[in-house]
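Commentary on secondary and tertiary structure
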Amino acid sequence: MAKKVSLKIRRYNPETQKSHLEEFEIPEKKGMTVLDAVNHIKDTQDSTLAHRWSCRMGICGSCGTIINGKPALMCQTFCETDKGSITVEPLRNFPVIKDLIVDTDNAMEHFRTAMPYTDIINRHASLDKEMIQTPEQRKKIEQSSQCIKCMLCYSACPVVGHNPNFIGPAAAALAYRYLEDSHDEIPNERMDSLTQKNGVWQCSFIGECSVVCPKKVDPAIALQRLKTMGVLHVTKALLTKRKK
Ligand code: FES
């Protein structure tokens, strides 16, 4: 007899505002990911099941959920049937819209703090001249450039859970990426933005953001480096002000 995979999926009905775990059983397939299993349930058992996905290869960042209690991408997590039933729930620290779909708008707004758009508006950029970067300069921003905005780090962060206004791990890692970029010409504006009340100081370095990051971006370390840069930035600003 074909082996079965059992999944408990948290369903949320926005009309009644109630949630419950619903159990499904599907035939086991070799190499099946949690995303494959959830898609199979939607295709064959309950078309009302709501979840997000797109690339199936850990690139688009849209399939983040809580799998067996931990934030993870469904497309990068295999169904380990020997460990019993698999529980899939929506990401923590976000309002749930329906079933496994959460509202990430508030967290996405925090990316403005990193001022990512200004990288393109380089004041000395010219169409006639290449903006050369050495391999060493590129290497400095390699790790922090890998973020796919999957929001697993926001879901794992207890500070975000306590204070949704905290800029959060991914926005900080993005800011660090721009500050370390040899093309950056507005470090002061960026640091002004990052050292506000809900900026980098809020991080208590628990480090869960880096543990769950599927791309090994290490936002926890980026945040600590930003704190050091922030101290220098604020001190410099104070001293400059005093001289005036
Ligand atoms: S479906 Fe794109 S990251 Fe999982």
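Residues numbered from 1 in each chain as written. Predicted model: local features only at pLDDT ≥ 70, side-chain atom pairs only at ≥ 80, totals over all residues. Heavy atoms only, no water.

Secondary structure assignment for the protein chain yields nine helices and seven strands. Dimensions of the protein chain, computed from the C-alpha atoms along their principal axes, are close to 80 × 40 × 30 Å. The buried share among the 244 residues of the protein chain stands at 45%. Restricting the contact set of the protein chain to residue pairs at least 6 apart, pairs at least 24 apart contribute 61%. Accessible area for the protein chain stands at about 14000 Å²; split by element, carbon and sulfur atoms hold 54% of it. (Helix = DSSP H or I, 4+ residues; strand = E, 2+ residues; numbered from the N terminus. Buried < 20%, exposed > 50% of the residue type's maximum accessible area, 1.4 Å probe, protein only. Contact = heavy atoms within 4.5 Å. Areas by Shrake-Rupley, 256 points an atom, 1.4 Å probe, with all protein chains shown as cover.)

In this section: the domain arrangement of the protein chain. When the domains of the protein chain are assigned, the result is domain 1 (4-102) and domain 2 (105-243). Put simply, the middle of domain 1 and the middle of domain 2, counted by C-alpha atoms, are 31 Å apart. Taken together, the contact pairs 14 residues of domain 1 with 15 residues of domain 2. Between domain 1 and domain 2 lies a buried interface of about 980 Å² when both sides are counted; carbon and sulfur atoms form 63% of it. A per-residue breakdown of the area domain 1 buries against domain 2 is headed by Pro71, Asn93 and Phe94, which together make up 48% of the total. (Domains from an automatic or database assignment. Buried area = accessible area lost by both parts, 1.4 Å probe.)

All told, the structure shown has eleven salt bridges when counted by the stated rule. With its nearest N and O atoms 3.9 Å apart, the salt bridge here joins Lys3 to Glu28. Of this pair, Lys3 sits in the segment before β1 (4-13) while Glu28 is found in the loop between β2 (18-27) and α1 (34-44), placing the two residues 25 residues apart along the sequence. For Lys3, a relative accessible area of 56% translates into the label exposed. The salt bridge partner of Asp184 is Arg190, with a shortest N-O separation of 2.4 Å. For the pair formed by Asp184 and Arg190, the shared burial category is buried. Residues joined by salt bridges that share partners form a network here, namely Arg11, Glu22, Asp46, Lys98 and Asp99. (Salt bridge = Lys/Arg side-chain N within 4 Å of Asp/Glu carboxyl O.)

What follows deals with the nonpolar core. With 62 residues, the main nonpolar core has Leu7, Ile9, Val34, Met74 and Tyr154 as its most contacted residues. A total of nine residues in this core trace back to one element, the largest contributor, which is helix α6 (residues 169-179). When residues of this core are assigned to domains, at least three fall in each of domain 1 (4-102) and domain 2 (105-243). Aside from chain neighbours lying at most four places away, what touches Leu7 is Glu22, Glu23, Phe24, Ile26, Val34, Ala37, Val38, Ile41, Ile86 and Val88. (Core = buried A, V, L, I, M, F, W, Y, C linked by side-chain atoms within 4.5 Å.)

Moving on to the sheet that holds strand β5 (residues 86-89). One open sheet holds the five strands; their spatial order is β2-β1-β5-β3-β4, and the pairing between them is mixed. Since the sheet does not close on itself, it has two edges, and those belong to β2 and β4 (70-73), each with one partner. Between one strand axis and the next, the sheet turns by 35° as a mean value, whatever way the strands run. Sheet topology note: the β1/β5 ladder contains three bridges and is parallel. For Lys8, the partnering residue across the bridge sits in β5 and is Thr87. (Pairing = 2+ DSSP bridges. Axes fitted to C-alpha atoms, helices over the stretch in contact; angles between N-to-C directions.)

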